[in-house]
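Tertiary structure, described
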Amino acid sequence: MFETLILILDATMRVSTPLILAALAGLFSERSGIVDIGLEGKILGGAFAAAAAAAVFGSAWIGLIFAMLASIGLALIHGFACITHRGDHIVSGVAINTIVAGLTVTLGLDWFGMGGQTPTLAGDARFLSLTLPFADAVADVPVIGLIYSELLSGHNVLVYLAFACVPLTYWVIYKTRFGLRLRAVGENPHAVDTAGISVAFLRYRAVIICGILCGLAGAYLSTAHNAGFLKDMSAGKGYIALAALIFGKWRPVPVLFACLLFGFLDAVAVRMQGVSLPGIGEIPVQAIEVLPYVLTVLLLAGFIGKAIGPKAVGRPYVKERA
Amino acid sequence: MNDNKTPLAIELRDISKRFGAVQANKDICLQVPTGTIHGIIGENGAGKSTLMSIIYGFYEADTGEIEIGGKKTHIRTSEDAIQAGIGMVHQHFMLVENFTVLENVMLGAEGGALLRQGKDDARLELKRLASEYSLDVDVDAIVEELPVGLQQRVEILKALYRGAKILILDEPTGVLTPQEADHLFVILKSLKEQGVTVLLITHKLREIMASTDNVSVMRQGQMVAHRETKNTDKEELAELMVGKKVRLKVDKDDAKPTGLVLSAKKLSLVDSQGVKRLKDVSFELNAGEIVGIAGVSGNGQSELLNVLSGISSLSSGEIQFAGETITAANPKNASQMRDLKMAHVPEDRHKMGLVTGFEAYEAAILGYHNSSAYNGSILLNRKAMLSECEERMAKWDVRPPNPHLKTANFSGGNQQKIVIAREVEQNPEVLLIGQPTRGVDIGAIENIHEEIVKLRDSGKAILLVSVELDEIMALSDRILVMFDGAVVGELPASDADERTLGLMMANAYNGPLSKTGDKA
């Protein structure tokens, strides 16, 4: 039983990783006042760029760089539409999602001719699991050994990076000048402007960070979790991340736990396949898979406390005419 | 004014600024000596806020020069202004509401990439400022939990923390209680003693007389006079503010009121911020008369129109109209008021009177769009709408008489005619009309005035709100004066002259017609 739990938690970490990265990406963007429904598109674009570059150059790290560049590019398009041209954030985000969904498959077909997939990656073209020091040595120690060698050890570098990003984000948001200004611009851009700080420059920096983190999430999907790009492989993770962001009330640590919860439900769903519970019988996998969405709907309907986002989110900044 | 020893804190030369068709500031010159409190007074819309926004770098002037402390200074952004030692307390506070006082003060002047050191420094500096200028405030309090008076103090601290030597306050007492306002003036005096130059923007004469050294008067985007406060008085300033204008002439006979149509008793309105916008307003409106409401704009006239037309609900008091008693417990919305034959021409035709993207024939039925005259069984009856619109355009001389032209493309006067025609042609019992001729050319003004008088002569009651004293005096049979949300005076139009009204509008009239008089 304990071993089963550890294995589920181990899977939770793997499944949560892209959610954490994407949710933190959304946190930077939305804290600055830019709604980002385009997380999904940026993850997918990043995943494709990572897999394509990794396949061509044979290096997962080069793939990672391309993923971040592609995602930053998409983020800047979103920024150009929303910040410079004061467009509607939702429309721009949805447009990016739609374009990326089509473009990745089209480019994939043209470049690799494999039905929209990229070639299967192997060796250095993928991020492989790292074994932490002494993991094998302590594996036989009861309880702690299992936790260390199974749960903490044996993940790829992006998993550790994602978890490290949470305290890092906390530190940036709450302890740095940039963080103070970021939080301020999402609440009251007029206050920021009159304090002599450029609203547009701040928001552009926020969407670029958002792009970098989404690129990481995308690269994780195609070059670490899987071994290549598949059509629509982001599979709604961007939207779940957005839900986790709201669930966590735009704060880094609660957002982490929201992502872990959604990841846990996902891991349980996989584990429950074909398992028959006493008295209930076999639970359809779909019933568990649907839980994150049900949870999100319940949340958005206001059942789990009120989620109040940054006050100026989604509103283009216009200097008022006196 | 200047002894040539210490340089002027601010000198403006020929500042002009235009927004589209509106000349907000025209050839403004201003000299403010260092270490004085300088008042800038004018009606709303006179261009005071625009001028201050130019000094603070929010807008760039089209032409003109700014000298700060004797040096020519280019102020393109707020950052430039802060660098030049200018701080501003805006009418609407520029605070991040869920931040602490400390965080708000630091924003933009954090003193390094990390916050910790800056926070400690800011805490010390704030303590010093607090004791020096009697500006006490709990630095760890969340701003939205503070009363407005303290929030304003945070704004002042923000400016001083950045080393401001010139402090601009834009209508600082608008949101304050009288006690908070008194305390503010104590603070301003102590700032002055420390050598800070204060620019005080207001339309309240009492504050100017009580606290300033010099005063400049603005009217319609221009600087019309500079005075030393001790050498002027409220009467002169009121007259300068309102100005002498070409007398409008409207041909009309005496009113023949034929009975009570509407009575308002002790109407009060408290806005969402808890500020009392209307204070026990009572009046009666008779059929066949025009009652004018005079007042410097922002003294409750708009709120009164909103309450009467059903746009806002009363906080207390009652309106008796058309056999109905409207109270806070029994409100009527704007559409229900229209059904009772209360027509409303809003003060701002772009925001409330029209949908500027609509074609004229569409805009001409707004508010009456459910009427059977414009509806078939399912769809709107476009044919009926169009033919009626053409008819009205001919009758009201709307140019060009094209029902398919977007309302945005008509001139101000013709837009206004479309709105007035829409309301008047419904044959209302009461017409509420706000700023009927704002931004309207002179020919159309006469036209509109004639129609208003015609409506009166047909036995309807009209409530006219206007900031143009000429218009009030030319059209009204009876005049009410509003100040600070209350009716402070009432007089027949025959007894009204510019001076009396101007004083009443500033609540500085002590004659027999005043209801409250000036206690200051």
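All of these numbers come straight from a predicted model, not from anything done at the bench.

1. So, the UniProt feature "transmembrane region" (unreviewed entry) in chain A
All names here are of chain A. Mapped onto this structure's residue numbering, the UniProt feature "transmembrane region" (unreviewed entry) falls at residues 7-28, 48-77, 89-109, 157-174, 253-270 and 290-309. This span, residues 7-28, is 100% helix and 0% strand, and a straight line between its end C-alpha atoms measures 32 Å. From the first C-alpha to the last, residues 157-174 spans 26 Å; its make-up is 100% helix and 0% strand.

2. Regarding the environment of Met-233 of chain A
Residues and elements named next belong to chain A. Along the polypeptide, Met-233 turns up in the loop between helix 10 (199-225) and helix 11 (237-247). For Met-233, a count of 20 C-beta atoms within 10 Å translates into the label buried. Sequence spacing of Met-233 and Tyr-160 is 73 residues, and the spatial spacing of their C-alpha atoms is 22 Å. Setting aside chain neighbours within four positions, we find Met-233 in contact with Leu-44, Ala-47, Leu-221, Ser-222 and Asn-226.

3. Remarks on the sheet that holds strand 19 (residues 478-483) of chain B
Residues and elements named next belong to chain B. Across the sheet, which stays open at both edges, the six strands sit in the order 16-17-18-13-19-20 with mixed pairing between neighbours. Of all the strands in the sheet, the pair left with one neighbour each is strand 16 (342-345) and strand 20 (486-492). Strand-to-strand twist across the sheet, computed as the mean angle between neighbouring axes with direction ignored, equals 20 degrees. In this sheet, strand 19 lies alongside strand 13 (residues 290-294) in parallel orientation, the contact comprising four bridges. Bridge pairing in strand 19 links Ala-294 to Val-481. Across the sheet, helix 14 (residues 412-424) touches strand 16 and strand 17 (430-434), and the angle it forms with strand 16 is around 175 degrees.

4. Some points on the pairing of strand 20 of chain B
Residues and elements named next belong to chain B. In terms of burial, strand 20 is a largely internal element, five of the seven residues being buried. One ladder, built from six bridges, connects strand 19 with strand 20; its direction is antiparallel. Counted as the bridge partner of Val-481 is Gly-489 from strand 20. The loop that links strand 19 with its antiparallel partner strand 20 comprises two residues; one of these, Asp-484, has a positive phi angle of about 50 degrees.

5. Section: unusual backbone geometry
Residues other than glycine predominantly adopt negative phi, and peptide bonds predominantly adopt the trans conformation. Residue and element names in this part refer to chain B. The omega torsion across Arg-399 and Pro-400 is -10 degrees, close enough to zero to call that bond cis. By secondary structure assignment, the location of Pro-400 is in the loop between helix 13 (382-395) and helix 14. The residue Lys-266 is not glycine, and still its phi comes out positive at about 50 degrees. Relative to the assigned elements, Lys-266 resides in strand 11 (residues 260-270). In this structure, Asn-427 is a non-glycine residue whose phi angle is positive, near 55 degrees.

6. Considering the domain arrangement of chain B
Residues and elements named next belong to chain B. One can read the domain layout of chain B as domain 1 (8-242) and domain 2 (260-505). Its C-alpha centre places domain 1 at a distance of 36 Å from the equivalent point of domain 2. Counting from both sides, the interface comprises nine residues of domain 1 and, opposite them, 10 residues of domain 2.

7. A few points about the interface of chain A and chain B
Interfaces are often described in size by the accessible area the parts lose on coming together. In this complex, chain A contributes 19 residues to the contact, which on the side of chain B involves 26 residues. For the side of chain A that touches chain B, the elements supplying multiple residues, two or more each, are helix 8 (177-187) and helix 9 (189-194) of chain A.

8. Here we look at the confidence of the model for chain B
All names here are of chain B. Per-residue pLDDT for chain B averages 88, and the proportion of residues at 70 or more is 95%. Low confidence marks residues 514-520, where pLDDT is under 50. Its contacts with residues over four positions away, or in another chain, come to 13 contacts. In the predicted assembly, ipTM is 0.87 and pTM is 0.74.

9. Considerations on the packing of helix 2 (residues 39-57) of chain A against helix 4 (residues 89-112) of chain A
All names here are of chain A. Where helix 2 meets helix 4, the closest approach of the two axes is 8 Å, and the angle between their N-to-C directions is 15 degrees. Taken together, the axis directions place helix 2 and helix 4 in an arrangement best described as roughly parallel. The two elements helix 2 and helix 4 cross, and the hand of that crossing is left-handed. Together, Glu-40, Gly-41, Leu-44, Gly-45, Phe-48 and Ala-52 of helix 2 and Ile-96, Asn-97, Val-100, Ala-101, Thr-104, Gly-108 and Trp-111 of helix 4 make up the contact between the two elements. In the contact of helix 2 with helix 4, the residues fall into seven nonpolar, five polar and one charged.

10. Things to note about the sheet that holds strand 5 (residues 71-72) of chain B
Residues and elements named next belong to chain B. On the basis of which strands lie adjacent, the open sheet formed by four strands has the order 2-1-4-5 and antiparallel pairing. Looking at strand neighbours, the two that pair on one side only are strand 2 (22-33) and strand 5, the edges of this open sheet. Direction of pairing for strand 1 (residues 8-19) relative to strand 2: antiparallel, over a ladder of eight bridges. Pairing of Leu-8 across the sheet is with Pro-33, part of strand 2. Packed onto the sheet, helix 1 (residues 48-55) meets strand 1, strand 2 and strand 4 (63-68) and runs at close to 115 degrees relative to strand 1.

Cut-offs and rules
- Residues numbered from 1 in each chain as written.
- Chains lettered and ligands numbered in written order.
- Predicted model: local features only at pLDDT ≥ 70, side-chain atom pairs only at ≥ 80, totals over all residues.
- UniProt positions renumbered as here; feature names shortened; annotations may be inferred.
- Helix = DSSP H or I, 4+ residues; strand = E, 2+ residues; numbered from the N terminus.
- Buried ≥ 20, exposed ≤ 12 C-beta atoms within 10 Å, placed from the backbone.
- Contact = placed C-beta atoms within 7 Å.
- Pairing = 2+ DSSP bridges.
- Axes fitted to C-alpha atoms, helices over the stretch in contact; angles between N-to-C directions.
- Domains from an automatic or database assignment.
- pLDDT = per-residue confidence, 0-100.
- Parallel < 35°, antiparallel > 145°, perpendicular 65-115°, else oblique.
- Left-handed = near helix turned anticlockwise from the far one by under 90°.
- Nonpolar A, V, L, I, M, F, W, Y, C, P; charged D, E, K, R; others polar.

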